[in-house]
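The primary structure of each chain is shown beneath.
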Amino acid sequence: MAEPQPRRSLINGLPTVVLMLAALAAAGYGIYLLVTNQARTIGIFLIGIGLVFLPIRIFSVLGSLVCIGAGVYFFALYGVGLQGVVFVVVGLVGLADHARAVSDERQAAARRSD
């Protein structure tokens, strides 16, 4: 039977705290842009970027999906444009990174159990 692993801390030092604050600031500014109706697509994208950089996996995956949704929304409004492509690519890269991290964790768990 595998021995229990210690709980992982979400905050691993000052760089993580700074990254979390920057992510929350980006998401907050995106919410502000949406509420004031100033920039709808950039606001949605900033919320997604803010969520992507949080160390909680479910929020990061949700942020990647929000970025992809912002890109699709941009395509629907304006047709194909560089901004929409960038939004979708950022979301796909975020999802691929999370899939790689899950795969690495499963491989490490399999090696530990051997």
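Preceding block: the structure.
Please read these numbers as outputs of a predicted model, since none were measured by experiment.

> Describe the packing of aromatic side chains, naming the residues involved and giving the relevant values.
In this structure the tally under the stated criterion is four aromatic pairs. Relative to Y32, the ring of Y29 has its centre 6.0 Å away and its plane inclined at 25°; by these criteria the two rings are stacked. On the criterion of helical spacing, the pair formed by Y29 and Y32 is a turn pair, its members being three residues apart in helix α1 (residues 14-35). Geometrically, the ring pair formed by F74 and F87 is edge-to-face, given 6.2 Å between the ring centres and 70° between the ring planes. With a gap of 13 residues between them, F74 in helix α3 (residues 57-78) and F87 in helix α4 (residues 82-113) connect regions that are remote in the sequence. Given the relative accessible area of 3%, F87 is considered buried. Three or more aromatic residues link up through ring pairs in this structure, and these residues are F45, F74, Y78 and F87.

> Lay out α4 in plain terms, naming residues and giving numbers.
An ideal rise of 1.5 Å per residue puts 46 Å on 32 residues; α4 measures up with 47 Å between its terminal C-alpha atoms. Every buried residue of α4 is accounted for by G84, F87, V88, G91, G94 and H98.

> Give me the lowdown on the nonpolar core, citing residues and values where you can.
One finds F45, I49, V52, C67, A70 and F87 forming the largest nonpolar core, which totals six residues. At the level of secondary structure, the elements contributing two or more residues to this core comprise α2 (40-52) and α3. Of all the elements, α2 adds the most residues to this core, at three residues.

Conventions used here
Residues numbered from 1 in each chain as written. Predicted model: local features only at pLDDT ≥ 70, side-chain atom pairs only at ≥ 80, totals over all residues. Heavy atoms only, no water. Phe/Tyr/Trp six-rings, centres within 6.5 Å; stacked < 30°, edge-to-face > 60°. Helix = DSSP H or I, 4+ residues; strand = E, 2+ residues; numbered from the N terminus. Buried < 20%, exposed > 50% of the residue type's maximum accessible area, 1.4 Å probe, protein only. Expected span 1.5 Å × (residues − 1). Core = buried A, V, L, I, M, F, W, Y, C linked by side-chain atoms within 4.5 Å.

Geometric values such as these leave the question of function open.
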